[in-house]
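Results of the structural survey
Residues per chain, in single letters:
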Amino acid sequence: EDPPVLSKLREFFLSLGSKDFEQDHNEAILTLLAWVMYADGKIEPSEQSKLKEFLDAVECKSETPAKQFLAATA
């Protein structure tokens, strides 16, 4: 069985064009941003502000609030 990250990635690409694609797309971007920013072991205040800017710029269509999703990702 694939690791959860690969399964999630496969689901993302299979959902292209679906109504849930935008939410999956935003979550993928948010996950990637958090991972890159956390590569040095911490997320700096300036990086936190960039994450907040992204969250403010996109519409969250999930039952899980975006900040809670981010906390689970990082």
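In case you missed it, the structure is sitting above this.
Values in this document were obtained by computation on a predicted structure and should not be read as measured data. (Residues numbered from 1 in each chain as written. Predicted model: local features only at pLDDT ≥ 70, side-chain atom pairs only at ≥ 80, totals over all residues. Heavy atoms only, no water.)

Describing the overall build of the protein chain
Quick note on the threshold: The helix and strand labels rest on DSSP assignments: H or I over at least four residues marks a helix, E over at least two residues marks a strand, and numbering proceeds from the N terminus. Between buried and exposed lies partly exposed: a residue is buried under 20% and exposed over 50% of the maximum accessible area for its type, with that area taken using a 1.4 Å probe on protein chains only. Between two residues, a contact is recorded if the distance between any of their heavy atoms is within 4.5 Å. To measure how exposed things are, a 1.4 Å probe is used in the Shrake-Rupley method; for residues, cover is taken only from the protein chains shown. Counted as positive: Lys and Arg. Counted as negative: Asp and Glu, with His and the chain ends omitted from the count. In this description, the location of a charge corresponds to atom NZ of lysine, CZ of arginine, CG of aspartate or CD of glutamate.
Along the protein chain, the regular secondary structure elements total 4 helices and 0 strands. Seen in sequence order, the protein chain has helices and strands lined up from the N terminus as α-α-α-α. Along the three orthogonal principal directions, the C-alpha set of the protein chain runs to about 35 × 30 × 15 Å. Residue burial in the protein chain is summarised as follows: out of 74 residues, 20% are buried. Put simply, 50% of the contacts in the protein chain that link residues at least 6 apart link residues at least 24 apart. Approximately 5,600 Å² of the protein chain is accessible, and the part contributed by carbon and sulfur atoms is 59%. Positive and negative charge centroids in the protein chain, built from 8 and 14 side chains respectively, lie 3 Å apart.

Here's the deal with helix α4 (residues 66-73)
Counted only if it meets this: Think of it as the arc spanned by the lines of direction from the helix axis to the C-beta atoms.
Among the residues making up α4, those that are buried are Phe 69, Leu 70 and Thr 73. In a view along the axis of α4, the buried residues occupy a sector of 100 degrees, so they form one face of it. Opposite the buried face of α4, at more than 90 degrees from it, the exposed residues are Lys 67, Gln 68, Ala 71 and Ala 72.

Let's talk about the pattern of salt bridges
Oppositely charged side chains can form a pair if their charged atoms are brought close together. Inclusion rule: A pairing counts as a salt bridge when a side-chain nitrogen of Lys or Arg comes within 4 Å of a carboxyl oxygen of Asp or Glu.
All told, the structure shown has 4 salt bridges when counted by the stated rule. A salt bridge links Lys 50 to Glu 53; its shortest N-O distance comes to 4.0 Å. You can see Lys 50 and its partner Glu 53 sitting in helix α3 (residues 45-57), 3 residues apart, about one turn around the helix. You can call Glu 53 partly exposed: its relative accessible area is 47%.

Looking at the nonpolar core
Keep this limit in mind: As used here, the term nonpolar core means buried Ala, Val, Leu, Ile, Met, Phe, Trp, Tyr and Cys residues forming a set that is joined through side-chain atoms within 4.5 Å.
Ranked by size, the top nonpolar core spans 8 residues in total: Leu 30, Ala 34, Met 37, Leu 51, Phe 54, Leu 55, Phe 69 and Leu 70. Of all the secondary structure elements, the ones that give two or more residues to this core are α2 (21-37), α3 and α4. Ignoring sequence-local partners within four residues, the contact set of Leu 30 consists of Leu 51, Phe 54, Leu 55, Ala 66, Phe 69 and Leu 70.

Functional significance is not addressed by these values, which are geometric in nature.
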